[in-house]
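Per-entry structural report
So the chains spell out like this:
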Amino acid sequence: TIGKNITINAAPQISILGDTVCKGDFNTIQVNASNYNNNSNWTWNLGNGIILNDTTQIVYTYITAQDYVVSLIIENPGGCSDTAVTYASVVELPKLDFIAQDICLGQTKNFSVNNPSSNTQYAWDLNNDGIFELSGMQALNQYTDTGLVVVALNGINSTGCSDTVIRSFAVLPLPVPLVAPALTE
């Protein structure tokens, strides 16, 4: 009788959980793994053609807003492996635009969102103080000083993603009429 020791390796057990983020934000994939060691191979497929190896934590910024199928395979040195799959969702930012044309002192300026969306809430900072004083698709303001004015429009869509666009314009002084001297004979 010949005796031989046999090692039975437990297969890694993993689960991963994706995140829903706004375009441009980091997407962090949460990992719960057991039965692996430092010599285990980790292979991530980020769902966009990118494969990463030997990293236990994923923090990644996707360029395009869409759902990505993300998978992780952990293989231990004995050849046992497990695979987990999740979704990483990237949501588009609100599309913001407005026109800021020069005005004359004392005129009322009417700001209006170009191509507004019904699923977006809008807020206006009309004097560049960081406080969004008015909300809605339109805002009116009368400027009492001449000079360059900076206005910000913020939008938050129904998924909670927000963006801000900034425009500037000039408040011009009123023209001074020239009065010609009276002609004398």
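What counts, and where the lines are drawn
- Residues numbered from 1 in each chain as written.
- Predicted model: local features only at pLDDT ≥ 70, side-chain atom pairs only at ≥ 80, totals over all residues.
- Heavy atoms only, no water.
- Phe/Tyr/Trp six-rings, centres within 6.5 Å; stacked < 30°, edge-to-face > 60°.
- Buried < 20%, exposed > 50% of the residue type's maximum accessible area, 1.4 Å probe, protein only.
- Helix = DSSP H or I, 4+ residues; strand = E, 2+ residues; numbered from the N terminus.
- Core = buried A, V, L, I, M, F, W, Y, C linked by side-chain atoms within 4.5 Å.
- Pairing = 2+ DSSP bridges.

**A short note on the packing of aromatic side chains**
On inspection of all chains with the given rule, the structure shows eight aromatic pairs. Relative to Trp42, the ring of Tyr36 lies with its centre 5.1 Å away and its plane at 85°, an arrangement referred to as edge-to-face. Assessed through its relative accessible area of 38%, Tyr36 is described here as partly exposed. Judged by its relative accessible area of 4%, Trp42 falls in the buried class. Considering the side-chain rings of Tyr143 and Phe169, the 5.6 Å spacing of their centres and the 75° angle between planes classify their relative orientation as edge-to-face. With a gap of 26 residues between them, Tyr143 in the loop between strand S13 (138-142) and strand S14 (147-157) and Phe169 in strand S15 (residues 162-172) connect regions that are remote in the sequence.

**A look at unusual backbone geometry**
Of note, Asn35 is a non-glycine position whose phi angle comes to about 60°, a positive value. Looking at where Asn35 falls in the secondary structure, it is placed in the loop between strand S3 (27-34) and strand S4 (41-45).

**Some words on the nonpolar core**
Among soluble globular proteins, nonpolar side chains are generally buried collectively. Among the nonpolar cores identified, the biggest contains 17 residues, and Phe98, Phe111, Trp124, Tyr143, Val151, Leu153 and Phe169 are the most heavily contacted of them. Of all elements in the fold, only strand S11 (120-125), S14 and S15 reach the threshold of two or more residues within this core. In terms of nonpolar packing, the next biggest core, distinct from the first, is built from 16 residues, Ile14, Ile58, Ile74 and Val90 among them.

**Description of the sheet that holds strand S9 (residues 103-104)**
Adjacent strands of a sheet pair through backbone hydrogen bonds, lying either parallel or antiparallel. Strand order in the open sheet formed by five strands is S9-S15-S14-S11-S12, and the pairing between neighbours is mixed. Sheet topology places S9 and strand S12 (134-135) at the edges, where each strand pairs with a single neighbour. Bridge analysis of S11 against S14 gives six bridges, and the strand direction is antiparallel. Opposite Asp125, over in S14, you have Ala152 as the bridge partner.

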